[in-house]
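Residues per chain, in single letters:
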Amino acid sequence: MKRHTLRGLTGLALAALLLIGLIGCQGGGQTGAVVSEDPMEIARARGLSPADVVAAVKTYQPTGTYDEYIMFASGGHSGQVLVIGIPSMRLLKVIGVFTPEPWQGWGFSKETREVLAQGNYDGKELTWGDVHHPALSETNGDYDGQFLFVNEKANARVAVIDLRDFETKQIVKNPLSLSDHGGTFVTPNTEWVIEGGQYAAPFEGYASLDQYKEKYRGLVTFWKFDRERGRIIPEQSFALELPPYWQDLCDAGKQVSEGWVFCNSFNTEMATGGVEKGNPPFEAGASQRDMDYLHVINLRKAVELVEAGRTRTIKGFKVLPLDVAAAEGVLYFIPEPKSPHGVDVSPDGNYLVVSGKLDPHATIYNFQKIQDAIANERFSGRDDYGVPILDFDAVVETQIELGLGPLHTQFDPNGYAYTSLFLESAVVRWTLGGPWTEKHGRDPWTVVDKVSVHYNIGHLAVAEGDNVNPDGRYLVAMNKWSVDRFANVGPLLPQNFQLIDIGNPNGSMQLLYDMPIALGEPHYAQIIKADKLQPWEVYPEVGWDPTTQSRHPAATRPGEERIERRGNTVEIWMTATRSHFTPEHVEVRKGDRVIWHITNIERARDATHGFALPGYNFNLSIEPGETATIEFVADRDGVFAFYCTEFCSALHLEMAGYFLVRP
Ligand code: K7E
Ligand code: CUA
C-alpha cells in the first residue's frame, strides 16, 4: 500500500517536472528543470561547456566511493583544521583544535578542557586561534599519516593532532613569544617541529620601543617531538635567539639539505612604526631596504650546542643565544629581495625558492653553493648582531620573473614548480633546472603555463607537494577573495579553494572546482594520499580516553553503573547505548560538586551518542568506546532534562534523563 503511494507521488512529481520542462522550452530559457537522462542534453540545458563537463566528471565522487587524497587545511580564525576530500572537495571533518567545538564536545568535557587549557597564556584562557600552517609527520621526508601539527599565529601556539582518531592531543604555548608564523614545519623524520617567530618583542616583560634594537628579539623554536608518546617534549625543546627582524615563513631542508632550516624575514630595517608620531608607517618603514635576510640555520650544530649546555634558560625554556649562534656557525644570513614571503625547498633539497611580495621574481638559491660559501667564508659582511652575511652572487642559482606578487611554491614529481601570484590572481607553472632538466626535457628555469584563480591567492597545495616524493596531479589554490564566485551572502564573503588539475605537465592546467570556505581564512594545507591514513573505526576498547589514548580510569561496563556520594561530591558512572543512558535519574543537592563520567559501550561504527546538559553549558560527543567526563558545581537548583544530541536510533528522542538539583 505504502509502495503504491510512493510510486504515485513519484509519477506525479515526474509529470510536474515534465510540465515545467516544457514550459521552460517554450520560453526558450535554459533554466527549466532538466528532465533528460542524456548527459549531453543535461549539459546543454544547464549551459555547461565541454570543459565544464570534463571538470564535473573529474571531480564527481559516486556515493560509497572514497576520495583519493585527503587535504588538511588550516581553518584560519576558526582555530580549527579542515579535512577535505580530493578531488570531490567535500568537507569531511572540522577538527577542534584551539577553539571549543560543541559537535565534538571539544572543550566541554573535562578531558578536552585540560588539553585546551595547556594553551592558556599566563593563566588566561584563550578560546580562539589563527591557524596558519598544518604539517603532516614525515618518515624519511615522506608523509607517514601518523600526526598533524599546526601553529596558531595570534598567540604563538602549536598543536599536535593524532591521526588515529583525528583529535587534538596537545597544545604547547611558546613561553617566549606571543606571535609566530613560520610554523609548523617538520624535519624529515619529525624529530623537530619548527615554529618560526613573527613580530619581535622582548622575551619577557616590558621594554619601550626606543630599546627595540637591544631588547626586542626574534626567534625560531625547535619543539622536540616524541613519536612514541605522540607528544612534544618542552623540556627537550629550545629556541634560537634571533635579531628583531620579523621572521616569516620557514622550511626544513630535505635530502641533501637535511639538518638545515631556512626562514625568511621582512623587517631588517627594524622599523618600529608610529605613523601617528610622524614616523613612516610599518608598511613603508619595513620596506626601505632592497634586501632582507634569508636565515640559514644549521640545526644539527644548534642541537650539539644545546646538548653541550651552551644555552640560557628564560622563563624555564632553553634559548641558544644569538652571539653563540653567530660565532659557532649555526646562523648565516643571505640577502633576499625585499619583503619576501615564502621559502620552499625543492623535493631533492637542492634549491630554495624565495618569493617576494614586492618583486615579480622568484630567487632560487643553490644549497651546495651555500655550503661552499660557508666553507670558504664568502661573506659580504656581518649584520649589527655579528651574523655573517653570505655573498648573494656566490649562492644564488638564478632569478625568474614569474608575475605579480609571487608568494608560495610547491613542486610536482616532474621537475615543475608552481607558484601562487597574489596580485595577479594566478598560479604559474615553471621548470626547475639542474638535475630536474632531464625529467621535464624543457628549458630550465622557464615559465611554461599560467592559470587564473579567483581571487588573490595565498598558499597553494600540491598533492604530497611538500615531501621528497610529490604526487602532483592536483593543486588547490587557496584564494583570499571570492568576490563574485558565489551567491551573495552579505558583506562577509567566504574564501575560495579552487581545485586545479595539474596532471598533464605538457598540457595546460585546468580549473576544476570551487569550494567556499565559510569559517575563517585558511592559509596553508597539505594533501596526503588517502591510503596512508589508517584511522580507527571505533576506539580500541570500551572505556577509552582519547586524550591519553589509553583506558580511562572511569571506564564503565554495563552493570557497573553507579552514583556515589563522598561529602559534597557526587560521582556518576554512566553508560550510553542505543537508546538509553543508565542511570536515567541523577539527583544532587545544590552546591554539590558533580563528577559525571559517561561511557559509550557501543562497538558499532558511527554509533556516537551526544550528551547535552541544559543550563550548565555542556555538550559531549561520546564516540563508540569513549569515556568522557564533565565536572561542575551544581550551583543552580531545578530540573534539567539531559538528552542525547546525536540522532542515534529510532528511539533517540527517548534517550534522555533527569538531572534533579534539590535546593
Ligand atoms: Cu602566506 Cu601565514 Cu603561510 Cu597566509 S601565510 S597566505
Ligand atoms: Cu543516543 Cu541519540
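Our subject in this report is the structure included herewith. (Residues numbered from 1 in each chain as written. Chains lettered and ligands numbered in written order. Predicted model: local features only at pLDDT ≥ 70, side-chain atom pairs only at ≥ 80, totals over all residues. Heavy atoms only, no water.)

1. So, empty space enclosed by the protein
Note the following rule: Buriedness for pockets is judged along seven lines, at least five of which must meet protein on both sides within 12 Å for an open set on the 1 Å grid over protein atoms alone, while cavities are sets there where a 1.4 Å probe fits but cannot get out, and lining residues have an atom within 4 Å of a point. Grid points are joined across faces, edges and corners, and a volume is the space filled by probe spheres set on the points. Secondary structure elements are taken from DSSP: a helix is a run of H or I of four residues or more, a strand is a run of E of two residues or more, and numbering for both begins at the N terminus. Each residue gets one of three labels, nonpolar for Ala, Val, Leu, Ile, Met, Phe, Trp, Tyr, Cys and Pro, charged for Asp, Glu, Lys and Arg, and polar for the others, Gly among them.
Inspection of every chain in the model, using the stated rule, returns three cavities of 30 Å³ or more. Roughly 130 Å³ of internal volume is contained in the largest cavity. Lining the largest cavity are 19 residues; nearest its centre among them are Gln104, Trp106, Thr112, Glu167 and Glu626. Contributions of two or more residues to the lining of the largest cavity are made by α4 (110–117), β7 (167–173), β42 (618–622) and β43 (627–633). Split by residue class, the lining of the largest cavity holds six nonpolar, nine polar and four charged. Roughly 100 Å³ of volume is contained in the second largest cavity. Surrounding the second largest cavity, 13 residues form its lining, Phe185, Val343, Asp344, His459 and Tyr524 being those nearest its centre. Its residues assigned to classes, the lining of the second largest cavity shows five nonpolar, five polar and three charged.

2. Concerning the site of ligand 1
Under the convention used in this document: Any residue with a heavy atom positioned within 4 Å of a molecule or strand is treated as near that molecule or strand. Any molecule with more than half of its atoms within 2 Å of a cavity's or pocket's grid points is counted as sitting in it.
Taken together, the residues surrounding ligand 1 are His132, His133, His181, Leu249, His341, His408, Gly458, His459, Lys480 and His523. In this structure the site holding ligand 1 corresponds to the second largest pocket. Secondary-structure elements contributing two or more residues to the shell around ligand 1 are β4 (131–139) and β29 (457–463). The class makeup of the residues in the shell around ligand 1 is one nonpolar, eight polar and one charged.

3. A few points about the nonpolar core
Soluble globular proteins tend to bury their nonpolar side chains together. Here is the rule we go by: What we call a nonpolar core is a set of buried Ala, Val, Leu, Ile, Met, Phe, Trp, Tyr and Cys residues that are connected through their side-chain atoms within 4.5 Å. Relative accessibility under 20% of the residue-type maximum defines a buried residue, over 50% an exposed one, and the middle range a partly exposed one, all with a 1.4 Å probe and only protein chains included.
Counting residues in each nonpolar core, the largest one holds 39 residues, and the members touching the most others are Val220, Phe222, Phe238, Leu240, Ile297, Val330 and Leu331. Broken down by element, the residue count for this core peaks at five residues, all from helix α7 (residues 299–307). In terms of nonpolar packing, the next biggest core, distinct from the first, is built from 27 residues, Val588, Ala634, Phe640 and Phe659 among them.

4. With respect to the layout of surface pockets
In this model, the largest pocket occupies a volume close to 1200 Å³. Forming the walls of the largest pocket are 28 residues, and the residues nearest its centre are Lys93, Phe166, Pro535, Trp536 and Arg605. Sort the elements by how many residues they give to the lining of the largest pocket and strand β3 (residues 91–95) lands first, with three residues. Of the residues assigned to the lining of the largest pocket, the class counts are 14 nonpolar, three polar and 11 charged. Computed from the structure, the second largest pocket encloses a volume of approximately 440 Å³. Lining the second largest pocket are 21 residues; nearest its centre among them are His341, Lys357, Leu407, Lys480 and His523.

5. Examining the side chain of threonine 187
Threshold: Polar contacts, as counted here, are pairs of nitrogen or oxygen atoms within 3.5 Å of one another; within protein the pair requires one atom able to donate a hydrogen and one able to accept it, and residues that are adjacent in sequence qualify only if both atoms are side-chain atoms. Should any heavy atoms of two residues lie within 4.5 Å, those residues are considered in contact.
Within the element layout of this structure, threonine 187 appears in the loop between β8 (180–186) and β9 (192–197). Of the polar contacts made by the side chain of threonine 187, one reaches the side chain of glutamate 191; its length is 2.8 Å. Apart from the residues lying within four places of it in its own chain, the contact partners of threonine 187 are Glu138, Trp192, Ile194, Ala252 and Leu299.

6. So, the sheet that holds strand β24 (residues 396–401)
For clarity, the threshold we go by: Strand pairing is assigned whenever DSSP identifies at least 2 bridges connecting the two strands. Only C-alpha atoms enter the line fits that serve as axes; for helices the fit covers just the stretch in contact. Angles between N-to-C directions range over 0 to 180 degrees.
Read across the open sheet, the four strands follow the order β19-β20-β21-β24; overall the sheet is antiparallel. Edge positions in the sheet fall to β19 (340–345) and β24, since each has one partner strand and no second. Each strand axis lies, on average, 20 degrees off the axis of its neighbour in the sheet, ignoring direction. The pairing of β19 with strand β20 (residues 351–356) spans four bridges and is classified as antiparallel. Residue pairing across strands places valine 343 opposite valine 354, the latter belonging to β20. Contacts from helix α9 (residues 367–375) reach β20, β21 (361–366) and β24 within the one sheet, and its direction differs from that of β21 by about 60 degrees.

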